[in-house]
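Next come the chains, spelled out residue by residue.
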Amino acid sequence: MTTTIDKTAGTPGKYKVLGTRPVRHDGIEKVTGAARYGADMNMPEMLHGKILRSPHAHARIRSIDTSKAEALPGVMAVATSKDLPIIQARELNPGQGGPRLLAENDLADKKVLYKGHAVAAVAATSPHIAEEALALIAVDYEVLPTVLGWREAMKEGATLLHDNLTEKFSATRGGAGEDTGNKSNVASHLQLKMGNVEQGFKEADTILEREYNTQTIHQGYIEPFACTAQWIPEGRLTIWTSTQGIFGVRGNVAAILNIPESMIKIVPMEIGGGFGGKGTGYLEPVAAVLSKKTGHPIKMVMSRKEVFEGTGPSSGTSITVKIGAKKDGTITAAQLGMIYEAGAYPGSPMVGGVTSAVSAYKIDNVLIDGYDVVCNKPKTAAYRAPGHPQAAFAAESALDELADMLGMDPMDLRLKNVAMEGDRAVTGVPHAHVGLKEVMDVMKAHPHYTAPLGGPNRGRGVATGYRLNGGGSGSSATINVLANGTVNLTTGSMDLSGTRVAIAMQVAETLGLTAEEVTPQVVDTDSVGWTGGSGGSRITFDTGRASIAAAQLVIEQMGARAARLWEVQPEDVEFVDGIFICTKNTDDKFTFKELAGKLMTTGGPVTCSAMDTQGGVGGALAGNIFDVEVDPETGKVDILRSTVFLDIGQAAHPSYVEGQMQGGTLQGIGWALNEEYFFTPEGVMANSSLLDYRMPTSLDLPMIDTVIIEYANPRHPYGLRGAGEHPIIAPLPAMANAVSRAIGVRMATLPISPGAILEAIEKKNTNK
Amino acid sequence: MSEKIHVHTTINDTEVDFLAESRQSLLEIIRDTLGMTGTKEGCNDGNCGACTVNIDGRIVDSCCVLAVEAEGKNILTIEGVASPEGLHPLQQAFLEEAALQCGICTPGFIVAAKSLLEREPNADEARIRHWLAGNLCRCTGYDKIVRAVLKAGEVMNQGDGAGRATTAAGAGPTDQRDVYND
């Protein structure tokens, strides 16, 4: 179902191609097994690389002896941090981030900071021999106390992970902040405020205070990290890899290996899921070094255990919320304290949480303190709307409880306080053209929201999720016109989920072609202009804008060819509904296809490139409604009904928008009910398999109904917004609200596992 | 270097011979030795289903089968699902229903679902969810996958493509998941 709000851009039938559901261009390869992903490379003379990982969560490396491993038949090379030039060139300054920090995460230098931290790498003639060789590498560790989480890290007198990390304080979003000079595990403290919260709480009739906790969780992409590197002696380095951003990989590899970017070509393989987690590479510089040492191509593929233990998950968090409202539901003040675990190095998604938590609401008095805290866990990486789901779990759970305290409907409370265009969020930035109220109106009016629940032990939960999308990091696109009237579209935007077809449809719409007449390709770093990574819900929007701009150049150039044939000026040619028309003599017409066939005799091929850095994908709102039934004997949650709402501006390909909504809902449900890293006191992940790290299966979920809302975005020619991230935010609080209502106990810690539910029910019954 | 063992088997109706170390999985041989990379590795311990193949009518995780166990067996991989005449109804339905996003789990889902529909083309939503519970997808929320399998079942019931829906390795008398589940 699609609900159209803005008649000016989302009007059904306004577009010929956008809003239809063609088969994706890369589909046949993917249903037949022909598509080639990161691990699908096989090259002549190829060797296999494997990584030795730390068994300790925190230790100093005294020495590494690789001699026995090097002596094993079949072993061709061993690498350590000594082989990464950037590590040799300068000391780690963890507060600075950048490629020096990435290198440290690729191969540890003086210290290991989490169980699974890479220490050395082996290249051998088979993956099995490489694995055997790992066991022959002798690392002498001085084991240090484990700083397992934010609690231990922020304690007075805590063991410090980094000798040279000092706390930075910032009162504005962005910027490095002011260095306090205090050595700490707290890397940064961001404080944003508006108005006066003390005054605001005085004006409140009802105040709720609660602490919410979430655990470390993983993106759970099905394809482990994989790459193949070939460094021709004295020549160029080529890396075939599964990544969200080839140009980012190129830049990082160049910096880590201290070679010019011009010496590197990154070739994208199909990517088997990323969700933000594959924005950062781990293997590429190591594979490159091993290739240089051996003169052979090196293939490296992580195991699932390595993915869990050695790549970036999302943060465990602790968030306190104090929120006050008048009897009529007007929220007078909100104060949040938000602690995000960064893992081994600074850089949690805390800023995403701080800037989004209550930004969908107009609240005059807000004070939010966010903390980025290092601890002995893997360095966190982005995961779909980074930092937002944890923040929304806290804020939207609090709103739900506050609504109960006020005797209000939870959607009415939200609508009473919803921010409108021009209202300032705590970031200080006024909301642009954003349909927050419109989405909430649709949710409240939806039949699911008022349908009878029926039966005992059932609950309905509702929540919204606001995402501040950025975009604008840069996208390039090239269009080549073929003589048969079709076009090839070349971009550098890795396709995680169907963006090829969504971008191609925008080109088709512009050129008056069908989606099938546009052939989209994602190409390597030598073959397209610089393009930022596929993330931030920006690809269909940003790369779409660049591709539309290239298509407009195509129209201009082809119009000039028509003018030459008609012996008129280029401005005498118009392009209407896919037809070139001469305004001087309207009998002179060419279809796109007719004119395409004449290009080679009117001056040669038409090839047009454009880039776009405008940004403006903008914020947008999503929401979920869940009906659940809880088994009071086992604590199992059955999801009876699920509806997800998303403002997409204008759906390019509605099926893939729905797919984003349904997939985000799945990940949010997993986060809410099942998923967590279990750490031993020594900091070892005890459930590093897909059996014990319990992601939702087909049996756990019902059909997920979708409601696409099209509130057009004025910053895109066709009104598009982003789709990728928002849908993971609201499922956490919506599920928590549903279960809390079903059992009559507020569940403030994720995951809400069967054990946690039974404990809560038992406690409730004991206290009766 | 371990000693290698000669294995004679049939993959996608073609007789295949390969040499395998005793420690190598069928998945490793299919992908790295035979170069058929359509079968994917997601976990290498039997928990994600990305490496699903059909051996003598039973769907199995090929990462948990030793390559030497393939001796004399009849194996179907994703590369054998389409025919020269065209896509299998399941493949067509996955495309039309947009039942894939990143696509890495798709081969495993199609091989697993094919095995179900050859036995039970009328399988309903609950049965499909039960059957596919051993295949993890992280992108789609399963909604469109289930719809695609329902649609393919309808097509196969109408006889479209029924002729090519069953290969020698297709239907079998028993199924692993029946044994485990029932």
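Residues numbered from 1 in each chain as written. Chains lettered and ligands numbered in written order. Predicted model: local features only at pLDDT ≥ 70, side-chain atom pairs only at ≥ 80, totals over all residues. Heavy atoms only, no water.

Helix and strand counts for chain B stand at seven helices and five strands. Along its sequence from the N terminus, chain B presents helices and strands in the succession β-β-α-β-β-β-α-α-α-α-α-α. For chain B, the proportion of its 182 residues judged to be buried stands at 60%. A separation of at least 24 residues holds for 62% of the contacts in chain B among residues at least 6 apart in sequence. Summing over all exposed atoms, chain B offers an accessible surface of approximately 6,500 Å²; the carbon and sulfur share of this is 47%. (Helix = DSSP H or I, 4+ residues; strand = E, 2+ residues; numbered from the N terminus. Buried < 20%, exposed > 50% of the residue type's maximum accessible area, 1.4 Å probe, protein only. Contact = heavy atoms within 4.5 Å. Areas by Shrake-Rupley, 256 points an atom, 1.4 Å probe, with all protein chains shown as cover.)

In this section: the pairing of strand S16 (residues 317-325) of chain A. Residues and elements named next belong to chain A. Within S16, seven of the nine residues are buried, which leaves it mostly tucked inside the rest of the structure. In the sheet, strand S11 (residues 206-214) pairs with S16 via nine bridges, with the strands oriented antiparallel. The residue of S16 that forms the bridge with Leu-208 is Ile-323. (Pairing = 2+ DSSP bridges.)

Quick look at the domain arrangement of chain B now. Residue and element names in this part refer to chain B. As far as domains go, chain B holds domain 1 (4-80) and domain 2 (89-171). A separation of 21 Å is found between the C-alpha centroids of domain 1 and domain 2. When domain 1 packs against domain 2, the two sides together hide about 1,400 Å² of surface, and 61% of this comes from carbon and sulfur. When the area that domain 1 buries against domain 2 is broken down by residue, the three leading residues are Ile-59, Leu-76 and Ile-78, summing to 33%. On inspection of domain 1 and its partner domain 2, the count reaches five residue pairs in polar contact (both at pLDDT 80 or more). Across the side of domain 1 that touches domain 2, the residue classes break down as seven nonpolar, nine polar and two charged. (Domains from an automatic or database assignment. Buried area = accessible area lost by both parts, 1.4 Å probe. Polar contact = N/O pair within 3.5 Å; in protein donor to acceptor, adjacent residues only side chain to side chain. Nonpolar A, V, L, I, M, F, W, Y, C, P; charged D, E, K, R; others polar.)

Residues and elements named next belong to chain B. If you walk across this open sheet you meet the five strands as S2-S1-S5-S3-S4, and the pairing is mixed. Unpaired on one side and paired on the other, strand S2 (14-21) and strand S4 (58-61) mark the two borders of the sheet. Across the sheet, the mean angle from the axis of one strand to that of its neighbour is 40 degrees, orientation sign disregarded. As judged from the four bridges shared by strand S3 (residues 52-55) and S4, these two strands associate in the antiparallel manner. Along S4, the bridge assignment pairs Thr-52 with Asp-61. Those strands touched by helix H3 (residues 106-119) are S3, S4 and strand S5 (74-76), and its axis lies near 35 degrees from that of S3. (Axes fitted to C-alpha atoms, helices over the stretch in contact; angles between N-to-C directions.)

So, on to the side chain of Ser689(A). One can find Ser689(A) in the loop between helix H19 (654-673) and strand S29 (705-710). A relative accessible area of 12% places Ser689(A) in the buried class. Residue contacts for Ser689(A): discarding those within four places in its chain leaves Phe308(A), Asp45(B) and Asn47(B).

Turning our attention to the environment of Arg424(A). In this fold, Arg424(A) is placed in the loop between helix H13 (410-417) and helix H14 (436-445). Along the sequence, Arg424(A) and Arg100(A) sit 324 residues apart, while their C-alpha atoms lie 37 Å from each other.

All names here are of chain A. The domains assigned to chain A are domain 1 (1-10 + 432-469 + 618-768), domain 2 (146-430) and domain 3 (472-612). Using C-alpha coordinates to define each centre, domain 2 is positioned 37 Å away from domain 3. Opposite the 16 residues of domain 2 that make contact, domain 3 presents 17 residues. At the boundary of domain 2 and domain 3, one finds two salt bridges. Glu-270 serves as the salt-bridge partner of Arg-500, at 2.6 Å between the closest nitrogen and oxygen. (Salt bridge = Lys/Arg side-chain N within 4 Å of Asp/Glu carboxyl O.)

Residue and element names in this part refer to chain B. Evaluation of the coordinates by the stated rule reveals zero disulfides over all chains. Cys-102 takes part in no disulfide bond, and the closest cysteine sulfur to it belongs to Cys-139, at a distance of 3.9 Å. Looking at Cys-102, the relative accessible area reads 4%, which means it is buried. (Disulfide = S-S within 2.5 Å.)

Residues and elements named next belong to chain A. Note on placement: Leu-134 falls in helix H5 (residues 127-134). Sequence-wise, Leu-134 and Ala-123 are eleven residues apart; in three dimensions their C-alpha atoms are separated by 9.9 Å. With residues up to four places along the chain from it excluded, the contact list for Leu-134 reads Lys-50, Ile-51, Leu-52 and Val-122.

Taken as a whole and judged by the stated rule, the model has 14 aromatic pairs over all chains. Ring centres 5.0 Å apart and planes at 90 degrees place the aromatic pair Phe225(A) and Tyr282(A) in the edge-to-face group. Placement of Phe225(A) in the loop between S11 and strand S12 (226-231) and of Tyr282(A) in the loop between strand S14 (264-268) and helix H9 (284-294) is noted, with a sequence separation of 57 residues between them. Grouping residues by exposure puts Phe225(A) and Tyr282(A) together as buried. Look at Phe109(B) and Tyr142(B): their rings are 6.2 Å apart centre to centre, the planes differ by 55 degrees, and that puts the pair in the tilted class. Separated by 33 residues along the polypeptide, Phe109(B) in helix H3 and Tyr142(B) in the loop between helix H4 (125-131) and helix H5 (143-157) bring together distant segments of the chain. (Phe/Tyr/Trp six-rings, centres within 6.5 Å; stacked < 30°, edge-to-face > 60°.)

Turning our attention to the side chain of Lys168(A). Positionally, Lys168(A) belongs in strand S8 (residues 166-170). Within the buried set, Lys168(A) has no salt-bridge partner at all; the shortest N-O distance to an opposite charge, 4.6 Å, is to Asp179(A). (Lys, Arg positive; Asp, Glu negative; His and termini not counted.)

All names here are of chain A. The end-to-end C-alpha distance of helix H21 (residues 754-767) is 20 Å, a good match for the 20 Å that 14 residues give at a rise of 1.5 Å each. Among the residues of H21, Ile-757, Ala-760 and Ile-761 are the ones counted as buried. Angular distribution of buried residues about the axis of H21 spans 95 degrees; they occupy a single face of the element. In H21, the exposed positions that point more than 90 degrees away from the buried face belong to Glu-759, Glu-762, Lys-763, Thr-766 and Asn-767. (Expected span 1.5 Å × (residues − 1). Arc of directions from axis to C-beta.)

Take the interface of chain A and chain B next. Residue-level contacts link 57 residues of chain A with 50 residues of chain B. Summed over both sides, the interface between chain A and chain B buries roughly 4,400 Å², with carbon and sulfur atoms accounting for 57% of that surface. The largest per-residue losses of area from chain A upon contact with chain B belong to Val31(A), Ile222(A) and Met703(A), which jointly make up 17% of the total buried on that side. Between the two partners, chain A and chain B, sit six salt bridges. Remark: the boundary between chain A and chain B carries 27 residue pairs in polar contact (both at pLDDT 80 or more). Among the elements of the structure, helix H1 (27-32), H5 and H19 of chain A are those that each provide at least two residues to the side of chain A that touches chain B. The dominant element in the side of chain A that touches chain B, judged by the number of residues it contributes, is H19(A), at nine residues.

Residues and elements named next belong to chain A. Relative to the elements of secondary structure, Ile-363 occurs in the loop between helix H11 (350-356) and strand S18 (366-374). A relative accessible area of 4% places Ile-363 in the buried class. Each C-alpha atom of the pair Ile-363 and Gly-195 lies 9.0 Å from the other, and the pair is 168 residues apart in sequence. Setting aside residues no more than four positions away along its own chain, Ile-363 makes contact with Met-194, Ile-331, Thr-332, Ala-333, Ala-334 and Val-358.

Let's shift gears to unusual backbone geometry. Residues and elements named next belong to chain A. Going from Leu-750 to Pro-751, the amide bond is cis rather than trans, its omega being -5 degrees. Locating Pro-751 in the fold gives a position in the loop between helix H20 (731-743) and H21. One non-glycine residue, Glu-45, lies in positive phi territory at about 70 degrees. For Glu-45, the location among the structural elements is in the loop between H1 and strand S2 (47-53). One non-glycine residue with positive phi stands out, namely Glu-567, at about 55 degrees. Structurally, the position occupied by Glu-567 is in the loop between helix H17 (539-566) and strand S23 (573-576).

Quick look at the pattern of salt bridges now. All names here are of chain A. In the structure shown here, the tally under the stated rule is 53 salt bridges over all chains. For the salt bridge of Lys-110 with Asp-109, the shortest nitrogen-to-oxygen distance reads 3.4 Å. Its relative accessible area of 17% is what places Asp-109 among the buried residues. One salt bridge connects Arg-250 with Glu-261, and the closest N-O pair in it is separated by 3.2 Å. Within this pair, whereas Arg-250 is found in helix H8 (residues 246-257), its partner Glu-261 is found in the loop between H8 and S14, the two being separated by eleven residues in sequence. We classify Arg-250 as buried; its relative accessible area is 14%. Three or more residues joined by partner-sharing salt bridges are found here, namely Arg-24, Asp-26, Lys-30, Glu-270, Asp-495 and Arg-500.

Okay, the sheet that holds strand S7 (residues 138-143) of chain A next. All names here are of chain A. If you trace the three strands from one edge of the open sheet to the other, you get S5-S3-S7, paired in antiparallel fashion. Every interior strand has two partners, whereas the edge strands, strand S5 (111-112) and S7, have only one. Sheet topology places strand S3 (residues 59-65) next to S7; six bridges connect them, and they run antiparallel. Counted as the bridge partner of Ser-63 is Asp-140 from S7.

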